[in-house]
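# Observations on the model geometry
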Amino acid sequence: MEKEEKKPIYERGTLEFVTVALEYCHFVENARNAELFDFVDKIIKILPLLYLKASLLPSVESEEDALLEFTVTEEMYESVRIGIADLLGERDAYLETFLPDMRYSDTPIAAFISENLADIYQDVGNFVFLFRQGNEDAMREAIAACQANFHEYWGQRLLNALKALHAIRYSGDEDLRKNEDEIE
């Protein structure tokens, strides 16, 4: 007997991505309840893992006529964005260097960690919702859509946010250090 080909939705890489994606969504949804140091310290550990697991998703071709139901609403997106922005305060903004327009600009372009993390949340949250439904066709399409969006959009946003968060975490900021001492 010939061994049945393993479905990409049940491959180890997919299941590991689902686990990290769920952790990411839960973490950013609850950012407003976190202490600054704790949030920054944990998110700089989750983001590389999310990037790694997204890059290891199995290759899945999207069906041309597939319509996916997206559940992350504008209100959910804004709740995550505002929660992170409020927590980071003035640390939220950073200078963007990876925009195509930046090559031709003499003016720095500001970007926001909270917006990047909310953009990732939107795509990853939709993926998690579709995966939880248990419909294998929707799960395949969720992998294909998430993978395409990772390659084209949120992978770079994740790296940009991580770079800015790294600078915050290891800046020697007195407020961050006080918060770190309180947590330890």
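Right above here is the structure, for reference.
Below you will find a few notes about this structure. (Residues numbered from 1 in each chain as written. Predicted model: local features only at pLDDT ≥ 70, side-chain atom pairs only at ≥ 80, totals over all residues. Heavy atoms only, no water.)

### Focus: the packing of helix H1 (residues 12-29) against helix H4 (residues 113-132)
At their nearest, the axes of H1 and H4 sit 9 Å apart, and the two run at 125 degrees to each other. Viewed along their axes, H1 and H4 adopt a mutual orientation that is oblique. Both H1 and H4 take part in a crossing whose hand is left-handed. Residue-level inspection shows Thr14, Phe17, Val18, Ala21, Leu22, Tyr24, Cys25, Val28 and Glu29 of H1 in contact with H4, the latter providing Leu117, Ile120, Tyr121, Val124, Gly125, Phe127, Val128, Phe131 and Arg132. (Axes fitted to C-alpha atoms, helices over the stretch in contact; angles between N-to-C directions. Helix = DSSP H or I, 4+ residues; strand = E, 2+ residues; numbered from the N terminus. Parallel < 35°, antiparallel > 145°, perpendicular 65-115°, else oblique. Left-handed = near helix turned anticlockwise from the far one by under 90°. Contact = heavy atoms within 4.5 Å.)

### Focus on the pattern of salt bridges
Scanning all chains against the criterion turns up eight salt bridges. For lysine 53, the salt bridge goes to glutamate 16, with nearest N and O atoms at 2.7 Å. Of this pair, lysine 53 sits in helix H2 (residues 36-55) while glutamate 16 sits in helix H1, and the two are 37 residues apart along the sequence. Under the relative-accessibility criterion, glutamate 16 is labelled partly exposed at 25%. In this structure, aspartate 119 and arginine 157 form a salt bridge, with 3.2 Å as the shortest nitrogen-oxygen distance. Placement of the pair is aspartate 119 in helix H4 and arginine 157 in helix H5 (residues 136-169), with a sequence separation of 38 residues. What makes aspartate 119 buried here is its relative accessible area of 8%. What makes arginine 157 partly exposed here is its relative accessible area of 22%. Taken together, the salt bridges that share partners define one network made up of Arg12, Glu16 and Lys53. (Salt bridge = Lys/Arg side-chain N within 4 Å of Asp/Glu carboxyl O. Buried < 20%, exposed > 50% of the residue type's maximum accessible area, 1.4 Å probe, protein only.)

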